[in-house]
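Coordinates in review
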Amino acid sequence: CGAAKKRRIMEEFHVEESQSRLTLLQRRLGADWIHIRAGRDRAQVKRAELRLALAGFDSEDTSIVVFGSLARDEFTAGSDIDWTLLIDGSADPKHLDLAHRIEEVISKAAAKSPGREGTFGSMTFSHDLIHQIGGEDDTNRNTTRSILVLLESDVVGRPDAYERVLKNVLQRYLMEDRGFFRGSARYHVPRFLLNDFARYWRTMAIDFAYKQRTRFGKGSAIRNLKLRMSRKHIYVSGLLTCFGCHPGFGEGLGGEVCSKPSGSPECIECLRRIPRRTPLEILASSLMHFERLDGTARKLFSAYDEFLGMLSDQKVRDHLEALPPDPDQSDEVFQRARQLSHTFRDGLLELFFDDRTELSQLTKRYGVF
């Protein structure tokens, strides 16, 4: 029964994948991003396994949410599994026991444990995510959780609590953004939401220095590469999501022009699609709209595909994890990875500062100032 259910899940995934923007872009470019495709397949299989193993653990008031490469469809053999038990209901002493049971199941399916900072692998309460946005009580941990629920999450099991929390987090960002709600500005962009995406990106960059110090440089090289690639890409998907609310940008999240230029319930429903589309899908969706940037698209996705290939190669991954904070200039593996991050950066600059679209104006106005 379990094997049949897993096959059905994979069949549904392949139907959906054939219609994805990423697949369409790859087809248009005549490319073959084998490592991106492998990451998607591994993630789908792993999530299917977790759904089966964790069936019945959740409820109407609790959802098991995964983050990281597993949610982004970039899963490799060496990936960990970041997760949380999201609670949107009355506090119950049994929640801790439930979290421990979930941890036991997930630890058997993961290559390693979540980070030691405690951001993942435990309980998260909806009150903090919804009511502690901004202010001194909005810790780095809370900011990380609330932003990643929007940009990098998926639910394994019952989605009830997850969907409610997602909707209420977005309501905080949109309904309290007076400029967006009134829709009187020249550009229609949710600035409150965008600013928190930017804050999270800067927080990741600052935390990298902190972790390098507290971990005595252990693992700094591979964390630096992830910051330049996958972490930066999360921020990029947030920018494109916010810019997609402006009708002049072209394609919205669903591939169509936004038809509701106000902070309306329709906007919230539109933005609720964010977690259903990976950062790679969001980037591909934007590039599908600009055929003249096909060279840029090829540059971005080829670099990212090779980066995922390096993480998928256990020997290469182990080598990168063992490097000191300042690797020797003669280290060919690290230098190649660093070159890929520069190619990815240059491609992003070409995309966001393309002066033939309104994207460059949106970037200058909201991404810079």
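Residues numbered from 1 in each chain as written. Predicted model: local features only at pLDDT ≥ 70, side-chain atom pairs only at ≥ 80, totals over all residues. Heavy atoms only, no water.

1. Remarks on the overall build of the protein chain
In terms of helices and strands, the protein chain carries 17 helices and four strands. When each of the 369 residues of the protein chain is scored for burial, the buried share is 53%. Taking the contacts inside the protein chain whose residues are at least 6 apart along the sequence as the reference set, 73% of them involve residues at least 24 apart. As displayed, the protein chain has an accessible area near 17000 Å², and 50% of this comes from carbon and sulfur atoms. (Helix = DSSP H or I, 4+ residues; strand = E, 2+ residues; numbered from the N terminus. Buried < 20%, exposed > 50% of the residue type's maximum accessible area, 1.4 Å probe, protein only. Contact = heavy atoms within 4.5 Å. Areas by Shrake-Rupley, 256 points an atom, 1.4 Å probe, with all protein chains shown as cover.)

2. Description of the packing of helix α7 (residues 140-151) against helix α8 (residues 160-175)
Running from amino to carboxyl end, α7 crosses α8 at an angle of 105 degrees, the nearest separation of the two axes being 10 Å. The angle between the axes of α7 and α8 places the two elements in the roughly perpendicular class. Residues Ser-146, Ile-147, Val-149 and Leu-150 of α7 lie in contact with α8, whose contacting residues are Tyr-162, Leu-166, Val-169, Leu-170 and Tyr-173. Residue classes in the contact of α7 with α8 are distributed as eight nonpolar, one polar and no charged. (Axes fitted to C-alpha atoms, helices over the stretch in contact; angles between N-to-C directions. Parallel < 35°, antiparallel > 145°, perpendicular 65-115°, else oblique. Nonpolar A, V, L, I, M, F, W, Y, C, P; charged D, E, K, R; others polar.)

3. Observations concerning unusual backbone geometry
Residue Asp-73 is not a glycine yet carries a positive backbone phi of 65 degrees. As for its position among the elements, Asp-73 is in the loop between α4 (68-72) and β2 (83-87).

4. Some points on helix α17 (residues 359-368)
Within the sequence span of α17, burial applies to Leu-359, Ser-360, Leu-362, Thr-363 and Tyr-366. Down the axis of α17, the smallest arc covering the buried residues is 155 degrees, so these residues share one side. Residues of α17 that are buried sit in contact with α10 (191-214), α11 (220-243) and α16 (332-352). (Arc of directions from axis to C-beta.)

5. Thoughts on the sheet that holds strand β4 (residues 154-155)
Spatially, the four strands line up as an open sheet ordered β3-β2-β1-β4, and their pairing is mixed. Strands with a single pairing partner mark the edges of an open sheet, and in this sheet they are β3 (122-125) and β4. Where strand β1 (residues 62-66) and β4 come together, two bridges link them in antiparallel fashion. Looking at β4, one finds that Val-66 is bridged to Asp-154. Across the sheet, α8 touches β1, β2 and β4, and the angle it forms with β1 is around 75 degrees. (Pairing = 2+ DSSP bridges.)

6. Some thoughts on the packing of aromatic side chains
In total, this model carries seven aromatic pairs according to the counting rule given. Relative to Phe-344, the ring of Tyr-304 has its centre 5.5 Å away and its plane inclined at 45 degrees; by these criteria the two rings are tilted. Here Tyr-304 is found in helix α14 (residues 294-312), whereas its partner Phe-344 is found in helix α16, with 40 residues between them in sequence. The same class applies to Tyr-304 as to Phe-344, namely buried. A network of ring pairs unites the aromatic residues Tyr-304, Phe-307 and Phe-344 as a single cluster. Positioned above the aromatic ring of Phe-57, the side-chain terminus of Arg-101 is 4.5 Å from the ring centre. (Phe/Tyr/Trp six-rings, centres within 6.5 Å; stacked < 30°, edge-to-face > 60°. Lys NZ or Arg CZ within 6 Å of the ring centre and 35° of its normal.)

7. Digging into the confidence of the model for the protein chain
Averaged over every residue, the pLDDT of the protein chain is 87; the share at 70 or more is 87%. Contacts of residues 9-15 to residues separated by more than four positions or lying in other chains number nine contacts, the stretch itself having pLDDT below 50. Within the model, pLDDT remains below 50 along residues 251-257, and this stretch shows 22 contacts once partners closer than five positions in the same chain are excluded. (pLDDT = per-residue confidence, 0-100.)

8. Topic: the environment of Ile-147
Secondary-structure assignment places Ile-147 in helix α7. A sequence separation of 91 residues divides Ile-147 from Gly-238, and the C-alpha atoms of the two residues are 9.3 Å apart. In this structure Ile-147 touches Tyr-173, Asp-196, Phe-197 and Tyr-200, once residues within four positions along its chain are discounted.

9. Things to note about the nonpolar core
Formed by 83 residues in total, the largest nonpolar core has its most connected members in Leu-25, Phe-243, Leu-287, Phe-301 and Phe-352. Looking at which element gives the most residues to this core, the answer is α11, with twelve residues. In this structure, Leu-50, Trp-83, Leu-98 and Val-156 belong to the second largest nonpolar core, which totals 18 residues. (Core = buried A, V, L, I, M, F, W, Y, C linked by side-chain atoms within 4.5 Å.)

10. Quick word on the pairing of β1
Of all five residues that make up β1, five are buried, and the element is covered over most of its length. Here β1 shows no split at all, with Thr-62, Ile-64 and Val-66 on one side and Ser-63 and Val-65 on the other all buried. Strand direction decides the pairing type here: β1 and β2, joined by five bridges, are antiparallel. Each residue of the ladder has a partner; that of Val-66, found in β2, is Trp-83.

11. Description of the side chain of Asp-354
Along the polypeptide, Asp-354 turns up in the loop between α16 and α17. Apart from residues no more than four positions distant in its own chain, Asp-354 is found in contact with Arg-292, Leu-293 and Ser-360.

12. Description of the packing of α11 against α14
Viewed as axis vectors pointing N to C, α11 and α14 meet at an angle of 140 degrees, and their least axial separation amounts to 12 Å. Considered as vectors, α11 and α14 are oriented oblique to each other. Relative to α14, the crossing made by α11 is left-handed. The residues of α14 that touch α11, namely those facing Ile-222, Leu-225, Lys-226, Met-229, Ser-230 and His-233, are Ala-303, Tyr-304, Phe-307 and Leu-311. (Left-handed = near helix turned anticlockwise from the far one by under 90°.)

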